[in-house]
Structure formats: structure tokens, C-alpha cells
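Given next are the chains, with one letter for each unit.
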Amino acid sequence: MKKFAAILGLTATLAAASQAGAATLTFACDSVGQGFNECKKGADAWAKKTGNTVKLIQVPKETDQRLALYQQQLGAKSADVDVYMIDVVWPGLIGQHLADLSKTIPAAEVKAHFPAIVQNNTVNGKLIAMPWFTDAGVLYYRTDLLKKYGYKSAPKTWNELATMAQKIQAGERKKNPKFVGFVFQGKNYEGLTCDALEWISSFGGGSIVDGSGKITVNNPKAVEALRTIQGLVGTVAPAAVTTYGEEEARNVWQAGNAAFMRNWPYAYAAGQAKGSAVAGKIGVAALPAGTGGKPAATLGGWNLAVNAYSKNQKEAADLVRYLTGLQEQKRRAVQASYNPTIASLYKDKDVLKAVPFFGSLYNVFTNAVARPATVTGSKYNQVSDAFSSAVYSVLTKKSAPGPALKTLEGQLARIKGRGW
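Residues numbered from 1 in each chain as written. Predicted model: local features only at pLDDT ≥ 70, side-chain atom pairs only at ≥ 80, totals over all residues. Heavy atoms only, no water.

Considering the layout of surface pockets
Short version of the rule: Site definitions follow a grid-based scheme: protein atoms alone, a 1 Å grid, a 1.4 Å probe that fits but cannot get out for cavities, and for pockets an open set with protein on both sides within 12 Å along at least five of seven lines, plus lining residues having an atom within 4 Å of a point. Grid points are joined across faces, edges and corners, and a volume is the space filled by probe spheres set on the points. Secondary structure elements are taken from DSSP: a helix is a run of H or I of four residues or more, a strand is a run of E of two residues or more, and numbering for both begins at the N terminus. When residues are sorted by character, Ala, Val, Leu, Ile, Met, Phe, Trp, Tyr, Cys and Pro go into the nonpolar class, Asp, Glu, Lys and Arg into the charged class, and all the rest, Gly among them, into the polar class.
Computed from the structure, the largest pocket encloses a volume of approximately 320 Å³. Taken together, 16 residues make up the lining of the largest pocket; nearest its centre are Ala-116, Ile-117, Asn-120, Leu-299 and Ala-370. Secondary structure elements with two or more residues in the lining of the largest pocket: helix 7 (115–120), helix 18 (362–366) and helix 19 (373–376). The element best represented in the lining of the largest pocket is helix 7, accounting for four residues. Tallied by class, the residues present in the lining of the largest pocket amount to 10 nonpolar, five polar and one charged.

The following block contains the structure:
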């Protein structure tokens, strides 16, 4: 944490560097995939347009570490950072430290975004963040290898995925010993919460805690889901998948060493880039369904917020307005496959040409399963940590699914106490 605090200790330096009449903003943006470079492109365009300056800072890749860093800064009422990129599940955790953007961004522009995300970002009547890009988990597959091994379409169920991955893995390992059937986010962090919620929901096992606040995770469908995925680890998924975040999974996939991958849409543009071993060989489909269930994708996405303690709130809000606007969202969609939060862009011919699955999987993105962040409020982090730890114990075969979920149920009850 000390090194991040040092990175953020910029206020005095930036203030001294500011030219008269122009603001110097500090932007805590992205570090995953092409995220930092895409943030810089947008921020530089705004700076050129306005005559202001934007300094980007590197942030941790893992969302858990980012949140801890931001909470430390905001809890101290620090003005070091003007604009934060925040996860869709954070408004209830840090909203009290963020400025009300409804006072500076026209209502007509706000209404152009998906209403559910705007509502998600509204805390106690304040619009504490603007939607920037949305996310939902998707299944990537190698179109060339499916054809090579006689498959006409992506797997519709987890059992089909296991069968197909096993066959492709066995064949490809004759030439490439590193080849694996399936990679996903298996390390113990927020990414595993996202993946595991998809597994459980796709079997009809609910969403950990339901909308009324009832703890529902300990049920037969959830047990079946975890048993199914546990069976993939060490067979078609490498044992090392329990150390993978988004980028570790993407690196294996992009090197041409996996048949299937669960990841977010950002990985598409990266995989199609020059030098990628899988460029031109990427298919994208909805994630598989469980037995008797239907496909499920966890709702992800990121938003832009202004620090309520910033000394440059007017300029910071203008930067947020620019970056979340139609023009910049379209650029990011076309160049880097970030899902827009403006519905009209899903019908834009340039966007659909660059990322065809934005059209074919539109329903996946608009019907994604939300993590129980709203209902659990300030206790969401504890809920997510307990859930991912329980799932991790199953993936690493330290616990069977049934006992793990029973223990988890007790932990969640203690976290809930007298109420969320």
C-alpha cells in the first residue's frame, strides 16, 4: 500500500506545475489489458480540446486492491486524485466521498445511458458516477479448432464444453504440450466471484443473496454447479487456473494455448491485434448453461466519478462528461471492444463492424446477472470475500462443494447479523 500512496502523493507537485488559468487533473484509471493506453488517448483528447492537463496514475490490476487504495485515499479526504474509475459494485461502498454529477452533466446526456446503470450509480438521490463501459462474461472459442475437430458451434452446456475441450486438448497436445482446453479466472479475488456467480446462476442456483436479502447460496443446484466446475480443474483446465486473473487467462489464450476462455469483452480487440496467435480465429458466444438451466453472465462494468474533495471539480466533471459521451464511447468500442453504456451505439454500423458480437449477444449484456452489491450495501466486500474463498477451496480441492456452501451459509449469516 505504501508504494501506491507514494504514487498518489502528487498534489503539491501538480499544483506547482499547473499553469495559470488551466487545471492539472489526476486520473486513477485502468491497468487491465489496453486499459491504460485507452484512458490516455481519451484524456489527451480532452486536454487538447480544453487546454488543461491530465496526469494518469497506474493502479493495481486486481479490483480488490484498487478498492482498498481508493478507500484509504477517500477516507482521508485526500484531494490527490480528481477522477476515479470505479467498479459497478462500489457505489454503495464509496458513494459518500463522490461528487453529485447531476449538477454538472445535462439530464439529456445522462438519459442516453442504460437506465439500470444510472440507477446503480445513484446513491441517496445523488448521481455519484457516470456509466463508462458495461461488461458481462462471455465465452471465447477457437473457430479453427472447433472446425478441425468436427464441431459446428460453441458448446451450449458445461458438459458439452468439457467434452469438446477434452477432445481438442488431447489432439493439440500431440504438437503443443502447453495446450489446455479451458481457462478462466480462478484465483481468490473478485474475478472469481464473477465467474462462480455465472456457474451457479446457470444451473438455477440463484445469486448468493436474493433481492430480499435472504441468503440462498446453499442449495442443491449451487452444489451441482461447483461440482461440475471442480471437475474441470486439472483435467481440461490447468491446475494453475487457480492463480489466474483476467490477464493470466488472456495471455494463455492469446498465445494460442487454449481452446476456450471465459473473459470480458475487452479481450476481443486484444486477441485480434497484430501479433496475436489467435487473430482471425476468435469466436464469441454466451457462456454455457448448467443442467436444466440457462446461460448466465455476471454484470460487470466501470464508471467514472469525481472526488468530492477535489480542488478541480468543475474541470473533473467536464473530463468525465467527455469520456463517457457518445463520441469517446464509440471510439473505445471500435478500437478496443469496450461495451458502450449508450444503447444507440449497439446499432451503430461502425461499432458492429468492429465487434460483431455486440449485436448478436446484445441480450447477454442487457440481461446480465448482478452481484448482490445493492442488497448487501456496505457489507458487500465481506460477502464477496467469503464467497470467493469458499469457491476457491472447492477449486483447489480442499473442500467438497456441499460442505463448503454449508460453511459459507453460516459465514454469511454472521456477516449479515441483524441485517444488511
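Moving on from the model shown.
Examining helix 21 (residues 401–416)
Short version of the rule: Expected span of a helix, by definition, is 1.5 Å for each gap between consecutive residues, and there is one gap fewer than residues. Burial here depends on accessible area, computed with a 1.4 Å probe over protein chains only, as a share of the maximum for the residue type. Under 20% is buried, over 50% is exposed, and the range in between is partly exposed. As used here, the arc is the angular range of directions from the helix axis to the C-beta atoms. Contacts are residue-level and defined by heavy atoms, with any inter-residue pair within 4.5 Å sufficient.
Spanning 16 residues, helix 21 covers 22 Å between terminal C-alpha atoms, matching the ideal 22 Å at 1.5 Å per step. Burial in helix 21 covers these residues: Pro-401, Ala-404, Leu-405, Leu-408, Leu-412 and Ile-415. Down the axis of helix 21, the buried set is contained in an arc of 90°. They therefore lie on one face. Exposed residues lying more than 90 degrees from the buried face of helix 21 are Lys-406 and Arg-414. Taken together, the buried residues of helix 21 touch helix 11 (220–230) and helix 20 (380–395).

Regarding the sheet that holds strand 8 (residues 180–183)
Stated formally: Pairing between strands requires that DSSP locate at least two bridges from one strand to the other. Axis lines are fitted through C-alpha atoms, for helices just across the contact stretch, and the angle between N-to-C directions can take any value from 0 to 180 degrees.
Here we have four strands laid out as an open sheet, ordered 8-9-7-10, and mixed in their pairing. Because the sheet does not close on itself, it has two edges, and the strands there are strand 8 and strand 10 (282–285). On average, each strand axis in the sheet is inclined to that of its neighbour by 15°, with strand direction left out of account. Taken together, the four bridges between strand 7 (residues 138–142) and strand 9 (residues 258–263) define a ladder with antiparallel strand orientation. The residue of strand 9 that forms the bridge with Leu-139 is Arg-262.

Here's the deal with the nonpolar core
Selection criterion: Side-chain atoms within 4.5 Å link the members of a nonpolar core, which is a set of buried Ala, Val, Leu, Ile, Met, Phe, Trp, Tyr and Cys residues.
If you look at the biggest cluster of nonpolar residues, it comprises 81 residues, and the most contacted ones within it are Tyr-140, Phe-182, Phe-184, Trp-199, Val-217, Phe-260 and Leu-412. In terms of residues, this core owes the most to one element, helix 20, which gives seven residues. Formed by 57 residues, the second largest nonpolar core is a distinct cluster that contains Leu-93, Ile-105, Cys-194 and Leu-319.

Focus: the confidence of the model for the chain
The line we're drawing: As a per-residue measure, pLDDT tells how confident the predictor is, with possible values from 0 to 100.
The pLDDT averaged across the chain works out to 94; a share of 95% of its residues lies at or above 70. For the stretch residues 2–20, pLDDT sits under 50, and the model shows 19 contacts to residues farther than four places along the chain or on other chains.

A short note on the pattern of salt bridges
Definition in use: We count a salt bridge whenever a side-chain nitrogen from Lys or Arg sits within 4 Å of a carboxyl oxygen from Asp or Glu.
Evaluation of the coordinates by the stated rule reveals 16 salt bridges. Taking the shortest distance from any N to any O, the salt bridge between Glu-38 and Arg-331 comes out at 2.8 Å. You can see Glu-38 sitting in helix 3 (residues 35–50) and its partner Arg-331 sitting in helix 15 (residues 326–336), a full 293 residues away along the chain. This pair shows no difference in class: Glu-38 is buried, exactly as Arg-331 is. A salt bridge links Arg-321 to Glu-109; the nearest nitrogen and oxygen atoms lie 2.5 Å apart. Pair noted here: Arg-321 is in helix 14 (residues 313–323) and Glu-109 is in helix 6 (residues 107–111), with a separation of 212 residues, a long-range link. For Arg-321, a relative accessible area of 33% corresponds to the partly exposed category. If you follow the salt bridges from partner to partner, you end up with Glu-38, Lys-41, Glu-328 and Arg-331 in one network.

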